[in-house]
Every structure is written in structure tokens, then in C-alpha cells.
Amino acid sequence: MDKQPKSRPPAPRNRPQNQNNNRSPKSVSSGRSVSRGAAIRAQKRTQEDAQRIANQYVAATARPEGGKRANFIDDSPRLKIIGLGGMDGGGSKNMILVEYMNDAVIIDAGNDLSVDLPGINYGIADTAYLETIKPKLRAYVITHGHLDHIGALPHIVPKFPAPIYGSRFTIGRVEEIFGNFGLPLPEGFELQTITMNENTHERLKIGSFFVELVRVTHSIPGSTVVVIDTPVGRIINTGDFRLDPNPLDHERTDTQRLIELGKEGVLALLSESTTAERPGRTPSESIIEQSFVDIIDQAPGRIFVGLFSTNMNRVQMIINAAVHHGHKVAMDGRSMISTLEMAVRNGFVSIPKGTFVPIANVPSMKDDKVVVVATGSQGEPSSALMRMSAGEHRHIKLKEQDTVVLSSTPIPESGNDALIGNMVDDMLRKGVHVFRHETHEVDGVGPLHVSGHASMDEYKEMIDMTKPKFFIPIYGAYRAKQRHIELAVEQGIPRANTINAENGQVISLTKDKMEVGGEVPHGTILVDQTGAIVSNIVVKDRLMLAEEGLVAIVLTVDRKNGQLLTSPDIISRGFIYMRDNEDLMNGLRAELRRAVSQRFKRVDLDRFKQEIKEHVTHFLYEQTQRSPIVIPVVNVITNGKNVNVATDRGPEQQGTKPEEQTEDLQKRFQQMRAKLLNQDARVD
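Residues numbered from 1 in each chain as written. Predicted model: local features only at pLDDT ≥ 70, side-chain atom pairs only at ≥ 80, totals over all residues. Heavy atoms only, no water.

Help me get a handle on the overall build of the protein, residues and values and all.
Regarding its fold elements, the protein presents 18 helices and 28 strands. Of all intrachain contacts in the protein linking residues separated by at least 6 positions in sequence, the fraction that spans at least 24 positions is 74%. A total of about 28400 Å² of accessible surface is found on the protein, and carbon and sulfur atoms cover 47% of it. (Helix = DSSP H or I, 4+ residues; strand = E, 2+ residues; numbered from the N terminus. Contact = heavy atoms within 4.5 Å. Areas by Shrake-Rupley, 256 points an atom, 1.4 Å probe, with all protein chains shown as cover.)

Structure (C-alpha cells):
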């Protein structure tokens, strides 16, 4: 399952209900109605709220500074299964470690695209525990090629090298994401991939384990069940699956092999739980093929189809329908084009010669002779379909009588519903015909999407086929995993033989017993748009800036007499519009003049900066009930020369003798001041 970000974390709590960023504060009072301590505590609460929001993703990391790293488990002869990711949320950053004595393999290593923090693109599982077992790591075994199962590999594998095993399509996807990774890989690193044949039941020895892949249907080719025979017993990880009786590529789930494995004996089944609360069975992918044929037959103009970039079976279906009607096909969306090229190269998609045309040719073609396949079915802001809708695409702008088909539904737990709704609204305003799976019945068309995940009856069937002694639901929200346990109990698994484990918990298995035996470091590492890791401290600062804004105070002080040489410069960003709040700014300037005259000569520079910061924080909170980030900049002048520029981050270029300071420093300060004050009209 691929995910996209969009849920919004709660805002910090200390702002009054009627407050807004552009409110005009009451006139400045001469007395203090709020103590300095109250103002400082209010800012501390703001900081704590920002930290709390950031820690939604990392608070579980068992790495307290100065304390124990984790409650580590001994290396007695038992099998350990540890979910480093994928045991919460909707199933994301999926990553499960299987460890026995001196050998360990990792099943999947995905990312979490639902993280919604400023400047964050996705999250990956914290790898702190891998640092402690690095010599044990023998392999990565991948169930399938969706990003929530492979997206973290370029970050993790170079640090913890081991071969990557998977089906032919999955390995193609792995090599694709390494090739498209935005950051340079470490010098000397070589990607090792090993393709396994899921159709011949080959078993490869990896350390003390034997690994086999079994074909299973999902929404991406090459999906597999991972079977690991360990010295303790056999475990099975289903990966994401459905039991489609009639997939377009005719690659049905290898139920016969799963039944054989069950008869031979399965110690533990690790079964994905994404949609374990959905009754019945998931319909076959084949039921939607006729829907595309009918829409293309009836649409009056150009046809645009939005779908997940990795759903190559769906792409093949659209190509078949377009060819049936004599239409050309164009494609846009870098991820989709990259995956299609790999799929064609490896024989997973067949395209008749002359079918495809460049996206740049579409505007010059007859409207009723072209189908455009594009990313953007989830309303992603930078996707091809969204840019076409917004009129920002390089070649295509949606127009009246165009037809858009959204061949997907909002990803569970992603919060994408609003994004999709807004995109559809914009399209309808342009006179575009929009078909969605959710409304296909009232629109008079057939179904447009089929889930890639099983429903209750299929989850039960997987348990019946494999007949495990122990049952561990994985890859899903806690509530979905709990429902999955209830299904397992219905199928005859003793409740005592089930565990709804959290990320980081160590499940210890012997031939006769399963128990949770401690916890290892776990959590989320945040990654920005470039692929670089982002510190939690940086995220906290971004949240505070987004919520409360920033005020910078620039003071130029004569060292000799301790007086200001210029009026205090005040820069506000995201706090208030200064021209609408002249009384507040004049009052703050007066307070700064008084503070400088009273305190500069009496305390050292570091203490003076801290007092200015607290003083401004107090003043602004009293007047506005808000606590922006305050950055004081102190420029100290001696005999016309700058001898110190200091901010709340610490003094820079400290010195006591004018001859030790250069005119260049004074020049740089003036340039910095001019740049700050001349950016736009929000300055004093």
C-alpha cells in the first residue's frame, strides 16, 4: 500500500479562542498585569506543545539521553520477532526483524508518507537497534514493491549492508528507487540484489534460515508471501495480499503451496491487517475492466485516468481499453513512467507498437482520440493530475468536456479525503466530467477501483490454509490487528497463542511458547524533500514558527556609555503585521530603551541577551497573549567600530580591544541589518 501525507496535527493549546495572527492588541498599558514568570511559562508551554506534536512520530524511541538505550534481550536459543515499524497507524514504514542467535534478516523496510510536519516528506523506522546487531544482519527480504515496504531501503541498507532478496518485479522496483534516490550513496557501497523465483518454490539458505517466496495477489505485480524456516520453526509473513480469483495477469495466489506449508507445520503466521474490519471478500480486479471500456466509448472529449503509480495491472487494463477504441495513450508522472519502463523491460506490461505518444503531443491531437494516464488520484499537490487541474502543467490544462476518472479510493489513515474533494471541486468548476469509484453507481458506470487488500473472509482463509500454532497480526492499526485476532480465534487459534504487539516489542518464540520479552529502540526518523534526515529539534522550531511566529530585536549599543546608537530594529515574521500595531511597537521600543539603559552596563553580554529575550517575551505575552520565538541581536560599538555581534545563540567574535576587530565585521553587520529591514513592508 502506497501512502501520501495529509493528516494535520493538533495546534498548540495556549492561544485564546478569539486570537488570530493579525489581531490588533489593546493599547499598551504602563503596568504589568502578567508576571514575567507567567509569560516564560506560557512560552515553555508553547515549546512543549510543539515538542509533543513532533514526538507523535518519535516519542517511542527508547533512547533517552544519558540513560539506558533499551531493555535488551539475552541471546538464549529462541526466535525473536521485532516490529521496528508497521505495527501501528494504517501499516506504514513496515519493517520486521527476525533474529535467532547470531543471524538476523529484515522483512521489508518502508517509509511512512502520512507524516504531516513542516518540511517533512516521509518517515522511516529508527534503526538504533540495528547498530547493536549489525554483524548479525544477513539479508533484507522484501514482500512487494510498494514504497511503504521498500522506501526506506536507500537510507538503511548503505548503513547496514546486506543483500536484498525479492521477486523479479520487486527487485526491479528496489533497483529503481536506488537509481532515483536524491542523495549520493556512500563511497564504496554496492547494491546487492538477488532475484528469487516465487513460482518454483526455491529455498535459499541465509545464515541459519531457509527463505522461500510464495506468489500472492495484491495491487502490484510480483507480490509474495515470505516463508522463513528457522531452527525454532517456520514463520510466514503474508505481506499485503488479497485472494483474487481472476487477476488480470492471471497470476493467482499460490494457495496450493500455502496449504502444503500448513500441512508441514507453521509455528507463527504474521498476517497483514490493513482492512481486517471489512466484511466479506474483496472483489476481483477483473470486474473493473469493462468500466474503462464503457467510459472511453462514451466520453465526449479527452480522457484522463488517475491511479497509483505502481498499479501496472491497472495500467495494462487502460492500455487494452484505449487500444480497443483506437485511442493513443500518453503518460505523465515521473514515478509512474519509471515503474512502467521497468515493468515493460521485465515483461510485466505489454504495449502494442504505436500506442504511446509523448505528453507534449496531447494538445495538438483530436480530443476524442487520446487517453492520458497520470499520477494524482490522491490529490497530491505536486502530482501530474493536480497540476493539470490547476493550470500549472507544462503541456496540458484541463478544460470543459474533458473526462477525469479517479481509479482509486482515499488511502486509509492518510487523511487524503479533503485533498481529493478539493481537486474534484476545482475540476467540476471547469466543466470537467469526473468519475469516482465512490459515486460510480449514481454516475451510471461500473466500479472503478478494487482494493489491494483482503477482507475478513480472505483473512480467515489465510489462517485456515497455513494453520499456524501462533498468530501475530502485523501491518495495520491496533484496532484492525485486534479485529484480526478475533478472526483468528474464530478459526480455532487459542487466544493465548495470539499477540497484538506494538512497535519495538520483542516477541520471543520457542517451539511451545510465545511471549513478549522486552523492548528495543524504535520510533521514526524524519526525512525532508531532498532525502536528508531532519532533527527533531528542527521540527519543533518549525512548529513554533508556524504557530506563533518570530520576532527579532536588533540593538546597536555604545559600549562606553551603554546607550543605544540607533532606534531598536524590530522584525516580525508570522507574528503580527507591524504597520497595523504601531502602539505595540512603540511600547516595545520604549521598553527596550529602558532595559538597555538600566542593564547593559551592569551584567555581562550573555546575561544581557537572556534578559532582553525574557523581557520581550514578557512584554509581548502581556499585550497579545502569544509567545513568538524571540531572537535578540546585540551589536556592540566601541570608538565607531563593531566589537561584538551577539544573538541568543551565543556571542560571536568576542573581543575587548578595538584593534582586534575589523571593519569587515561592522560592514557585515550593516549588510545584515539592511537585508533584514528591507525584505518587505512588515518591518519597523
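So, helix α5 (residues 168–179): which residues are in play, and what are the values?
Think of an α-helix as turning once every 3.6 residues; residues three or four places apart then point the same way. The end-to-end C-alpha distance of α5, which contains twelve residues, comes to 16 Å, matching closely the 16 Å that a straight helix rising 1.5 Å per residue would cover. Burial of α5 is extensive: nine of the twelve residues sit out of reach of the surface. Along α5, the residues classified as buried are F169, T170, I171, G172, R173, V174, E176, I177 and F178. (Expected span 1.5 Å × (residues − 1). Buried < 20%, exposed > 50% of the residue type's maximum accessible area, 1.4 Å probe, protein only.)

Could you give an account of empty space enclosed by the protein, naming the residues involved and the relevant values?
Vacant regions in the atomic arrangement are exposed by a probe of water-molecule size rolled over the atoms. Per the stated rule, a full pass over the model turns up one cavity of 30 Å³ or more. Lining the largest cavity, in full, are S377, L406, S408, T409, P410, I420, R436 and E438. Residue classes in the lining of the largest cavity are distributed as three nonpolar, three polar and two charged. (1 Å grid on protein atoms, 1.4 Å probe; cavity = no way out; pocket = protein on both sides within 12 Å on 5 of 7 lines; lining within 4 Å. Points joined across faces, edges and corners; volume = space filled by probe spheres on them. Nonpolar A, V, L, I, M, F, W, Y, C, P; charged D, E, K, R; others polar.)

Could you give an account of the packing of aromatic side chains, with specific residues and numbers?
Applying the stated criterion across every chain, the model contains four aromatic pairs. Here the aromatic rings of F178 and F189 are separated by 6.2 Å at their centres, their planes lie at 20 degrees, and the arrangement is stacked. Of this pair, F178 sits in helix α5 while F189 sits in the loop between α5 and β8 (193–195); the two residues are eleven residues apart in sequence, bridging distant segments of the chain. Relative to Y459, the ring of F241 has its centre 5.6 Å away and its plane inclined at 90 degrees; by these criteria the two rings are edge-to-face. Within this pair, whereas F241 is found in the loop between β12 (234–237) and α6 (255–264), its partner Y459 is found in helix α13 (residues 456–466), the two being separated by 218 residues in sequence. Each member of the pair, F241 together with Y459, is buried. A cation over an aromatic ring shows up here: K205 above the ring of F210, its NZ or CZ 5.8 Å from the ring centre. (Phe/Tyr/Trp six-rings, centres within 6.5 Å; stacked < 30°, edge-to-face > 60°. Lys NZ or Arg CZ within 6 Å of the ring centre and 35° of its normal.)

Before we move on, could you go through the sheet that holds strand β4 (residues 111–112) and cite the residues and values that matter?
On the basis of which strands lie adjacent, the open sheet formed by four strands has the order β4-β5-β22-β23 and antiparallel pairing. With one partner strand each, in any of the chains shown, β4 and β23 (533–534) form the two edges of the open sheet. Both strand β5 (residues 122–125) and strand β22 (residues 524–527) contribute to a ladder of four bridges, which runs antiparallel. Looking across to β22, one finds that I124 is bridged to I525. (Pairing = 2+ DSSP bridges.)

Describe the sheet that holds β12, and please don't skip the residues or the numbers.
In spatial order, the strands read β9-β10-β11-β12-β13-β19; together these six strands make up an open sheet with mixed pairing. Single-partner strands in this sheet number two, and they are β9 (203–206) and β19 (468–474). Within this sheet the neighbouring strands show an average axis-to-axis angle of 20 degrees, counted without direction. The strands that α6 touches are β10 (209–215), β11 (224–229), β12 and β13 (266–272); relative to β10, the one it contacts most, it runs at about 145 degrees. (Axes fitted to C-alpha atoms, helices over the stretch in contact; angles between N-to-C directions.)

Help me get a handle on the environment of I150, residues and values and all.
Examined against the element boundaries, I150 turns out to sit in helix α3 (residues 147–150). As a C-alpha pair, I150 and V174 span 24 residues in sequence and 6.8 Å in three-dimensional space. Those residues within four positions of I150 in sequence are excluded, and the remaining contacts are A109, G110, I142, H144, G145, R173, V174 and I177.

Could you give me a rundown of helix α15 (residues 536–548), with the residues and numbers involved?
Over its 13 residues, α15 extends 18 Å from the first C-alpha to the last, a length consistent with the 18 Å expected when each residue adds 1.5 Å. Looking at α15, one finds that the buried residues are V539, K540, L543, M544, E547 and E548. Projection of α15 onto a plane perpendicular to its axis shows the buried side chains occupying an angular sector of 140 degrees, all on one side. One or two positions beyond α15, positive phi appears at G549, with a value near 85 degrees. (Arc of directions from axis to C-beta.)

With reference to specific residues and values, describe the environment of M95.
Looking at the secondary structure, you find M95 in strand β2 (residues 95–100). On the basis of relative accessibility, which here comes to 1%, the residue M95 falls in the buried class. In contact with M95, not counting residues within four places along its chain, are I82, G83, L84, G85, I106, I107, D108, A109, A125, L130, I156 and Y475.

Run through the packing of helix α16 (residues 582–599) against helix α17 (residues 605–624), naming residues and quoting values.
In the contact formed by α16 and α17, the axes pass within 11 Å of each other and the chain directions differ by 150 degrees. On the basis of the axis angle, α16 is roughly antiparallel to α17. Considering how the two elements wind past one another, α16 and α17 form a crossing that is right-handed. Contacts between α16 and α17 involve L584, G587, L588, E591, L592, R594, A595, V596 and R599 from the former and F608, E611, I612, H615, V616, F619, L620, Q623 and T624 from the latter. (Parallel < 35°, antiparallel > 145°, perpendicular 65-115°, else oblique. Left-handed = near helix turned anticlockwise from the far one by under 90°.)

Pulling in residues and values, what's your account of the packing of helix α7 (residues 289–298) against helix α8 (residues 312–324)?
Contact geometry for α7 and α8: axes closest at 9 Å, N-to-C directions at 40 degrees. Viewed along their axes, α7 and α8 adopt a mutual orientation that is oblique. Between α7 and α8 lies a crossing of right-handed hand. Packed against α7, whose contacting residues are E289, F292, V293 and I296, the element α8 presents R314, M317, I318, N320, A321, A322 and H324 at the interface. Partitioning the contact of α7 with α8 into residue classes produces seven nonpolar, two polar and two charged.

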